[in-house]
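Structural overview
Listed here are the chains, written in short residue letters.
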Amino acid sequence: MSAPVRIGAVGYLNARPLTWALAARPDRWAVRFDLPSVCSSLLDEGDVDLGLVPSIDFLQEPDYRLVPGVGIGSRGPVASVALFTRVSIEKIQSIALDTSSRTSVTLIRVLCKHRFAIAPEFVAHGPDLKSMVMAADAGLLIGDPAFEAAPLALGLRKIDLGEEWTAMTGLPFIYAAWTGRSGAVTGADVEALQQAQQVGIESVDAIAAEYGRGDARRTARAAAYLRDNVKYGLGPDEAAGLQLFLNYAADLGLAPRRRQLEFFQE
């Protein structure tokens, strides 16, 4: 029997539909969960074969490939990638950044340039919203901290970055995708990852119940988020949105190079 494929995956709720079925097959998939930035480092250093990493990471290595048809995205409000601000957008002069994901950090820079027409100072900060908006005019949060935040209690406005991207481009946004070096996975592995995504989509209620931990309101909110906000898949529209984002990033000097999307063979 061949060794299991080593996988680094983010532990956020929005990633669970992609990993739900994989965790049940330790003979085939050796899955470890970390922050997106840690998953990126593991992949870069060769400590995993495949990473569910920020989509911007595709530009880091010419040899990186994407698993076709599988991704974490949105087409409109995503709820879990957002800018929380105490001033109007045009008055933002500084933004505290949750640096857990390079994609979201890059996205806010792209939107500031091309959507909001502002040039704020960016400051790295831990994902604590109250202290972020004490240190800066606004704070970028991602993942579960952004999803669970209560901005009104702090007198803040929440600006959903998925919504802003689609309003600007008319396209979906891809936050993360299975990424690895050429030859890291077989066609059979690709098919299994695609099937796992479908199983996860069909298991939203169970995933939400696990996340809710017996709290009916929390469970219902998680289920609605997974059904209505997060969009799974990487079809032609998603690929077009991802390519545009990567081009913007490269043109702003936020990535090493422009390159066209390349995929593992099915």
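See the structure shown above.
A brief structural summary. (Residues numbered from 1 in each chain as written. Predicted model: local features only at pLDDT ≥ 70, side-chain atom pairs only at ≥ 80, totals over all residues. Heavy atoms only, no water.)

As a further point, take the overall build of the chain. A tally of regular secondary structure across the chain gives 10 helices and 12 strands. Relative to the compact-globule value of 18 Å for 266 residues, the chain shows a C-alpha radius of gyration of 18 Å, a close match. Dimensions along the principal axes, computed over C-alpha positions, put the chain at roughly 60 × 45 × 30 Å. Per-residue burial for the chain yields a buried fraction of 53% across its 266 residues. Contacts in the chain between residues at least 24 apart in sequence constitute 80% of all its contacts with a sequence separation of at least 6. Accessible surface, the chain as shown: approximately 11,300 Å² in total, 50% of it carbon and sulfur. Here the chain contributes 26 positive and 31 negative side-chain charges, whose respective centroids are spaced 4 Å apart. (Helix = DSSP H or I, 4+ residues; strand = E, 2+ residues; numbered from the N terminus. Rg over C-alpha atoms; globule rule 2.2 N^0.38 Å. Buried < 20%, exposed > 50% of the residue type's maximum accessible area, 1.4 Å probe, protein only. Contact = heavy atoms within 4.5 Å. Areas by Shrake-Rupley, 256 points an atom, 1.4 Å probe, with all protein chains shown as cover. Lys, Arg positive; Asp, Glu negative; His and termini not counted. Charge placed at Lys NZ, Arg CZ, Asp CG, Glu CD.)

A few words on the packing of helix 3 (residues 102–116) against helix 6 (residues 161–169). Helix-helix packing: each pair is described by the crossing angle between the helix axes and the interaxial distance. In contact at an axis separation of 11 Å, helix 3 and helix 6 are set at 45° when each is read in the N-to-C sense. Taken as axis vectors, helix 3 and helix 6 run oblique relative to one another. In terms of crossing hand, the pair formed by helix 3 and helix 6 is left-handed. Residues L107, I108, V110, L111, H114, R115 and F116 of helix 3 touch helix 6, and the partners they reach there are L161, E164, W165, A167 and M168. Taken together, the residues of the contact of helix 3 with helix 6 break down into nine nonpolar, one polar and two charged. (Axes fitted to C-alpha atoms, helices over the stretch in contact; angles between N-to-C directions. Parallel < 35°, antiparallel > 145°, perpendicular 65-115°, else oblique. Left-handed = near helix turned anticlockwise from the far one by under 90°. Nonpolar A, V, L, I, M, F, W, Y, C, P; charged D, E, K, R; others polar.)

Relative to the helices and strands, S94 is located in strand 7 (residues 94–98). A distance of 3.1 Å separates a polar side-chain atom of S94 from the backbone nitrogen of D137. Sequence-distant contacts of S94, that is, excluding residues within four places in its chain, are made with P120, E121, A136, D137 and A138. (Polar contact = N/O pair within 3.5 Å; in protein donor to acceptor, adjacent residues only side chain to side chain.)

With that out of the way, let us pick up the packing of helix 8 (residues 204–212) against helix 9 (residues 216–229). Two elements in contact, helix 8 and helix 9, have axes separated by 8 Å at closest approach and are oriented at 140°. If you check the angle between helix 8 and helix 9, you find them oblique. Crossing hand, helix 8 versus helix 9: right-handed. Between helix 8 and helix 9, the residues in contact are V204, D205, I207, A208, A209, Y211 and G212 and R218, T219, A222, A223, L226 and R227, respectively. Classifying every residue of the contact of helix 8 with helix 9 gives eight nonpolar, two polar and three charged.

Our next topic: the nonpolar core. Of all hydrophobic cores here, the largest spans 79 residues; its most connected members are L52, I108, W178 and F245. Listed in part, the 11 residues of the second largest apolar core include L129, M132, V133 and L156. (Core = buried A, V, L, I, M, F, W, Y, C linked by side-chain atoms within 4.5 Å.)

Strand order in the open sheet formed by five strands is 8-7-9-6-10, and the pairing between neighbours is mixed. Either end of the sheet is taken by a strand with one partner, and the two such strands are strand 8 (121–125) and strand 10 (157–160). Recorded for the sheet is a direction-independent mean angle of 25° between the axes of neighbouring strands. Here helix 3 sits on the sheet and contacts strand 6 (81–85), strand 7, strand 8, strand 9 (138–142) and strand 10; the angle it forms with strand 7, its principal contact strand, is near 155°. Sheet strands in contact with helix 6 are strand 6, strand 9 and strand 10, and its direction is about 50° off that of strand 10. (Pairing = 2+ DSSP bridges.)

Of the residues making up helix 6, those classed as buried are L161, G162, E164, W165 and T166. A side-chain oxygen of the first residue of helix 6 lies 2.9 Å from the backbone nitrogen of G162; this N-cap is D160. Within two residues after helix 6, G170 carries a phi angle of roughly 75°, on the positive side.

This next bit is on helix 8. Those residues of helix 8 lying buried are V204, I207, A208, Y211 and G212. Projected down its long axis, helix 8 shows its buried positions confined to an angular sector of 135°, all on one face. Of the surrounding elements, those touching the buried residues of helix 8 are helix 1 (16–19), helix 5 (143–148), helix 7 (187–202) and helix 9. Looking one or two places after helix 8, you find R213, whose phi comes out positive at around 50°. (Arc of directions from axis to C-beta.)

Fair warning: the whole summary comes from geometry, so function is off the table for now.
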